[in-house]
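As a plain string of letters, each chain reads:
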Amino acid sequence: MGLKVAVLMGGASFEREFSLASGKQVCAALEEAGHKVVPLDTTSDLVPTLRSERPDVAYIALHGKHGEDGTIQSLLEFLDIPFVGSPASVCRSTWNKDSLHTTMATYRAMTGEPPVASWPQGICVARDAFKDMGAATALDLVEERVIGGFPVAVKPAHGGSAMGVHRVDCQDDLGEAILDALSFDEHVVIEQWVEGVEMAVSILGTGWDAYALPPVEIVPKQGLYDTAARLDASAVDYYAPVRPLSLSPDEGDAQAIRAEIERAALEVYRAYGLRDLGRIDVIWDGAQARVFETNVSPGMTDLSLFPAACRAAGLTLAGVLDRLVSQYAR
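Residues numbered from 1 in each chain as written. Predicted model: local features only at pLDDT ≥ 70, side-chain atom pairs only at ≥ 80, totals over all residues. Heavy atoms only, no water.

*Asks:* Can you break down helix α1 (residues 16-32) residue by residue, with the values?
*Replies:* Here α1 spans 24 Å end to end across 17 residues, near enough to the 24 Å set by a 1.5 Å rise per residue. Of all the positions in α1, only Phe-18, Ser-19, Ser-22, Gly-23, Val-26, Cys-27, Ala-29 and Leu-30 are classed as buried. For α1, the arc enclosing every buried residue in end-on projection is 165°, short of the 170-degree limit, so these residues lie on one face. Turned more than 90 degrees from where α1 packs its buried face, Glu-17, Lys-24 and Glu-32 sit exposed. Gly-34 lies just past α1 and shows a positive phi near 95°. (Helix = DSSP H or I, 4+ residues; strand = E, 2+ residues; numbered from the N terminus. Expected span 1.5 Å × (residues − 1). Buried < 20%, exposed > 50% of the residue type's maximum accessible area, 1.4 Å probe, protein only. Arc of directions from axis to C-beta.)

*Asks:* Give a detailed account of the nonpolar core, specifying residues and quantitative values.
*Replies:* Val-7 and Tyr-59 are the most contacted members of the largest nonpolar core, which has 35 residues in total. Every element with two or more residues in this core is listed here: β1 (4-9), α1, β3 (57-60), β9 (197-204), β11 (216-220), α12 (305-312) and α13 (317-326). In terms of residues, this core owes the most to one element, α13, which gives six residues. Residues contacting Val-7, with those up to four places away along its chain left out, are Gly-23, Val-26, Cys-27, Leu-30, Val-37, Val-38, Pro-39, Leu-40, Tyr-59 and Ala-61. (Core = buried A, V, L, I, M, F, W, Y, C linked by side-chain atoms within 4.5 Å. Contact = heavy atoms within 4.5 Å.)

*Asks:* Account for the pairing of strand β8 (residues 187-192), naming residues and giving values.
*Replies:* Counting buried positions over the six residues of β8 gives five, a clear majority of the element. Two strands pair when backbone bridges link them, and strand β5 (residues 122-126) and β8 are joined in this way by five bridges, in the antiparallel orientation. The partner of Cys-124 across the bridge, within β8, is Val-189. Across five bridges, strand β6 (residues 152-156) lies against β8 in antiparallel orientation. Paired with Pro-156 across the strands is Val-188, a residue of β8. (Pairing = 2+ DSSP bridges.)

*Asks:* Give a detailed account of the packing of aromatic side chains, specifying residues and quantitative values.
*Replies:* In total, this model carries zero aromatic pairs according to the counting rule given. Of note, Arg-275 hangs over the ring of Phe-83, and the distance from its end group to the ring centre comes to 5.1 Å. (Phe/Tyr/Trp six-rings, centres within 6.5 Å; stacked < 30°, edge-to-face > 60°. Lys NZ or Arg CZ within 6 Å of the ring centre and 35° of its normal.)

*Asks:* Tell me about α13, and name the residues and values.
*Replies:* Owing to its 3.6 residues per turn, the α-helix aligns residues three or four sequence positions apart on the same side. Those residues of α13 that fall on the buried side of the exposure criterion are Leu-317, Ala-318, Val-320, Leu-321, Leu-324 and Val-325. Down the axis of α13, the buried set is contained in an arc of 165°. They therefore lie on one face.

*Asks:* Can you lay out the packing of α1 against α13 for me, pointing to particular residues and giving the numbers?
*Replies:* Taken N-terminus to C-terminus, the directions of α1 and α13 make an angle of 80°; their axes are 8 Å apart at the nearest point. Considered as vectors, α1 and α13 are oriented roughly perpendicular to each other. Along its contact with α1, which presents Val-26, Ala-29, Leu-30 and Glu-32, the element α13 presents Leu-317, Ala-318, Leu-321 and Val-325. Classifying every residue of the contact of α1 with α13 gives seven nonpolar, no polar and one charged. (Axes fitted to C-alpha atoms, helices over the stretch in contact; angles between N-to-C directions. Parallel < 35°, antiparallel > 145°, perpendicular 65-115°, else oblique. Nonpolar A, V, L, I, M, F, W, Y, C, P; charged D, E, K, R; others polar.)

*Asks:* Can you lay out the environment of Pro-307 for me, pointing to particular residues and giving the numbers?
*Replies:* You can see Pro-307 is positioned in helix α12. Separated by eleven residues in sequence, Pro-307 and Ala-318 have C-alpha atoms that sit 10.0 Å apart. Excluding its chain neighbours within four sequence positions, the residues that come into contact with Pro-307 are Gly-299, Met-300 and Thr-301.

*Asks:* Explain the environment of Arg-270 residue by residue, including any values.
*Replies:* Inspection of the secondary structure puts Arg-270 in helix α11 (residues 251-272). Sequence spacing of Arg-270 and Met-104 is 166 residues, and the spatial spacing of their C-alpha atoms is 9.6 Å. Residues in contact with Arg-270, not counting those within four places in the same chain, are Tyr-107, Gly-207, Trp-208 and Ala-210. Of the polar contacts made by the side chain of Arg-270, one reaches the backbone oxygen of Ala-210; its length is 3.1 Å. (Polar contact = N/O pair within 3.5 Å; in protein donor to acceptor, adjacent residues only side chain to side chain.)

*Asks:* Requested: an account of the pattern of salt bridges, with residues and values cited.
*Replies:* Pairing between side chains of opposite charge can happen when the charged atoms of each approach one another. This structure, assessed with the given rule, holds twelve salt bridges. The closest approach of N and O atoms between Lys-155 and Glu-191, which form a salt bridge, is 2.9 Å. Taken as a pair, Lys-155 in strand β6 and Glu-191 in strand β8 lie far apart in primary sequence, 36 residues in all. The pair Lys-155 / Glu-191 is uniform in exposure class, with both members buried. In this structure, Arg-258 engages Glu-262 in a salt bridge whose closest nitrogen and oxygen atoms are separated by 2.9 Å. Of this pair, Arg-258 and Glu-262 are both found in helix α11, four residues apart, which corresponds to roughly one turn of the helix. Assessed through its relative accessible area of 27%, Arg-258 is described here as partly exposed. In the salt-bridge network here, residues are joined through shared partners; they are Arg-167, Asp-169 and Glu-195. (Salt bridge = Lys/Arg side-chain N within 4 Å of Asp/Glu carboxyl O.)

Written out as structure tokens, the structure is:
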């Protein structure tokens, strides 16, 4: 017998339209799996509706603020409604892109596991420092503060879907990029720009039972894999799994590199303590797997990377979501 599943979608973040599209796909997959779906936008009526509907479990298809920062998770924990995905405490950590270094250092000290993942070095500065304390007059320091200097990546410290992300090639262009990033968030990250093979590694499971799905290679036809490209099916080529030749001309080396990329993604996933599912975004720079983002609520649209990884693994989205919600049946 199917469960009553509340699918939370929409919300008020910059990523609302992404979320509505993900929620639509999640609802269809859960209905295909035989569950009764209650689609809910996260309006002021959300709590009264959840209390009256009394769902068996919730699925969070929210992206961005409130969906990935721990807000909706802490609300569901307060209401004692089981939900698929990482708990609020984990989401609060992953939401901050500047937390990776500290999280990984703590995890490695605790486990003693040999390190695999690496990440771009950078700095994080608050909007108030630019607005009220004169940080904008010190942009000449960026070239020496970020290893390798220009080009650098400028992005909001919190958020997703590549909103507010820029490649900056010289100091003269920094100010405009920082202002745009700060229009999405109160903190900006300025870090090394990493060239290489861009991939998304989707993961299922929890802790040492977690496993990686085939990495999906992302190849924009021109420019960056930015917000516009993510909405345009004709703007990007996706390869699931990643093409061996993209990693190495030697097949054996390519398999070893792919395994290292998957281990790096799993290391980050476990270090943060993600639960059930997630996605780790990685660039293989020719020598290392460079992690640059952790996603607790992967997109589920027709163009999203998580469903593509499921298909590459021989899994259906309906089957995956069925297993995820069913584990929370009371």
